[in-house]
Number of protein chains: 2
Amino acid sequence: MDAGIEKECGALGGLFQLIMTDMKASYPAWEDFVTKGTKLQSQLRTTILVTGSFLDAFQKVADMATGTRGATKEIGSALTRMCMRHRSIESKLKVFTTALSESLLSPLEVKMEEWKKVANQLDKDHAKEYKKARADIKKKSSDTIKLQKKVKKAVKTSGKEVCDYRIYTQRSD
Amino acid sequence: MDAGIEKECGALGGLFQLIMTDMKASYPAWEDFVTKGTKLQSQLRTTILVTGSFLDAFQKVADMATGTRGATKEIGSALTRMCMRHRSIESKLKVFTTALSESLLSPLEVKMEEWKKVANQLDKDHAKEYKKARADIKKKSSDTIKLQKKVKKAVKTSGKEVCDYRIYTQRSD
């Protein structure tokens, strides 16, 4: 029974350590994710600027087509419409970039620091409590063994006494 | 009538010159468009690379969530699905970038050189033919004036002869 409890305690401690190791091993992946995300975000910002200047040039071509003589006016208005649709893509890209930074990367960076702290605290607390629990279990199991020995001895003694008493009563009969 | 033809010729020549000026003025806009487009294209290429490495990091996080113990397996598979959708955006971006370069910018560059050549040739041909046409018109109008004068003189002379003949016949009656 005691050996069973000790084994169970060891298994639970091992499981905790495994989960802890997994958590600590996950930091590099998260850090890599945040780094790559930050890179992507700055890249997207530049892309937005470049797309903006490309669309300005596009709009100039469209304006030129609208402004010149002849049937190019219709081509110009079609190009302007196309340009406006591209502008809506540009604005969606802006929203996405802002969301990537504000709703994913920044909170994740804050959380990561928090996770590290929490994990370290959990690790410390666990080590302390685990040690205490093991000591408790050891003490209780040695106490149990002592008590069992005492009981055995007492039973033996009392058994002998009973035996002596029987012999005594048989003799006195 | 002759002055009318000369005026019309001048107006048509002016219109041609106007269109030519418009065409020549459009080169900077087209060149700007191509330059900005090329920049956008190289920017998009870098963006594709950065997006790829971001998605790799994302996939690592998803794999980690799938691999660890507990209910994170489902989170992991959801993240993997999300990652795959982002990969499809990445591949669409690749197609767009290739199309931008191969179907818009490169043909446009080739066409621009062609346009310049054709416009210059048109300008030269027009100048030559315009000069010739003007000279023709001038010659023909001066010829017409000469002929008109001759006809007037002839009419005058023949009128006088008719008059003389009448006087002569009246006298002989």
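Residues numbered from 1 in each chain as written. Chains lettered and ligands numbered in written order. Predicted model: local features only at pLDDT ≥ 70, side-chain atom pairs only at ≥ 80, totals over all residues.

### Regarding the overall build of chain A
Thought 1: Scanning chain A from terminus to terminus reveals 2 helices and 0 strands.
Thought 2: Taken over the C-alpha trace, chain A has a radius of gyration of 40 Å; the compact-globule value for 173 residues is 16 Å, which it surpasses by more than 25%.
Thought 3: The C-alpha extent of chain A, read off along each of the three principal axes, is 145 × 25 × 15 Å.
Thought 4: Scored against the burial criterion, the 173 residues of chain A give a buried share of 8%.
Thought 5: In chain A, the proportion of contacts linking residues at least 24 apart, taken out of those at least 6 apart, comes to 74%. (Helix = DSSP H or I, 4+ residues; strand = E, 2+ residues; numbered from the N terminus. Rg over C-alpha atoms; globule rule 2.2 N^0.38 Å. Buried ≥ 20, exposed ≤ 12 C-beta atoms within 10 Å, placed from the backbone. Contact = placed C-beta atoms within 7 Å.)

### Regarding the relation of the copies chain A and chain B
Thought 1: Each copy superposes on the other: chain A lies on chain B with an RMSD of 0.4 Å after a rotation of 179° and an axial shift of 0.2 Å. Seen this way, the second copy is the image of the first under a two-fold rotation axis. Closest approach to the rotation axis within chain A is made by the C-alpha atom of Thr47(A), at a distance of 3.6 Å.
Thought 2: Both copies contact each other with a shared surface, as 100% of the interface residues of chain A are interface residues in chain B too. (Least-squares fit on C-alpha atoms with pLDDT ≥ 70 in both.)

### So, the interface of chain A and chain B
Thought 1: Counting residues at the interface gives 26 residues for chain A, matched by 26 residues for chain B.
Thought 2: Of the residues assigned to the side of chain A that touches chain B, the class counts are 12 nonpolar, 8 polar and 6 charged. (Nonpolar A, V, L, I, M, F, W, Y, C, P; charged D, E, K, R; others polar.)

### Thoughts on helix α2 (residues 72-172) of chain A
Residue and element names in this part refer to chain A.
Thought 1: With 101 residues, α2 ought to run about 150 Å at 1.5 Å a step, and its terminal C-alpha atoms sit 140 Å apart, in line with that.
Thought 2: The largest bend in α2 is about 25°, located at Leu-100.
Thought 3: Of all the 101 residues making up α2, 0 are buried; the element is thus mostly uncovered. (Expected span 1.5 Å × (residues − 1). Bend = angle between axes of the 7 residues up to and from the residue.)

### Quick look at the environment of Lys39(B)
Residues and elements named next belong to chain B.
Thought 1: Topologically, Lys-39 is positioned in helix α1 (residues 2-67).
Thought 2: Assessed through the 16 C-beta atoms surrounding it within 10 Å, Lys-39 is described here as partly exposed.
Thought 3: Sequence separation between Lys-39 and Met-20 is 19 residues, and the spatial gap between their C-alpha atoms is 29 Å.

### Quick word on the environment of Gln43(B)
Thought 1: Along the polypeptide, Gln43(B) turns up in helix α1.
Thought 2: Overall, the presence of 19 C-beta atoms within 10 Å leaves Gln43(B) in the partly exposed class.
Thought 3: Separated by 34 residues in sequence, Gln43(B) and Cys9(B) place their C-alpha atoms 51 Å apart.
Thought 4: The contacts of Gln43(B), once residues within four sequence positions are left out, are Thr46(A), Thr47(A) and Val50(A).

### Points about the confidence of the model for chain A
Low-pLDDT stretches of the model should not have their predicted coordinates read in fine detail.
Thought 1: Chain-level statistics for chain A give a pLDDT mean of 89 and a share of 98% at 70 or above.
Thought 2: As a predicted assembly, this complex carries a pTM of 0.74 together with an ipTM value of 0.75. (pLDDT = per-residue confidence, 0-100.)

### Remarks on the environment of Ala25(A)
Thought 1: By secondary structure assignment, the location of Ala25(A) is in helix α1 (residues 2-67).
Thought 2: With 131 residues separating them along the chain, Ala25(A) and Lys156(A) place their C-alpha atoms 58 Å apart.

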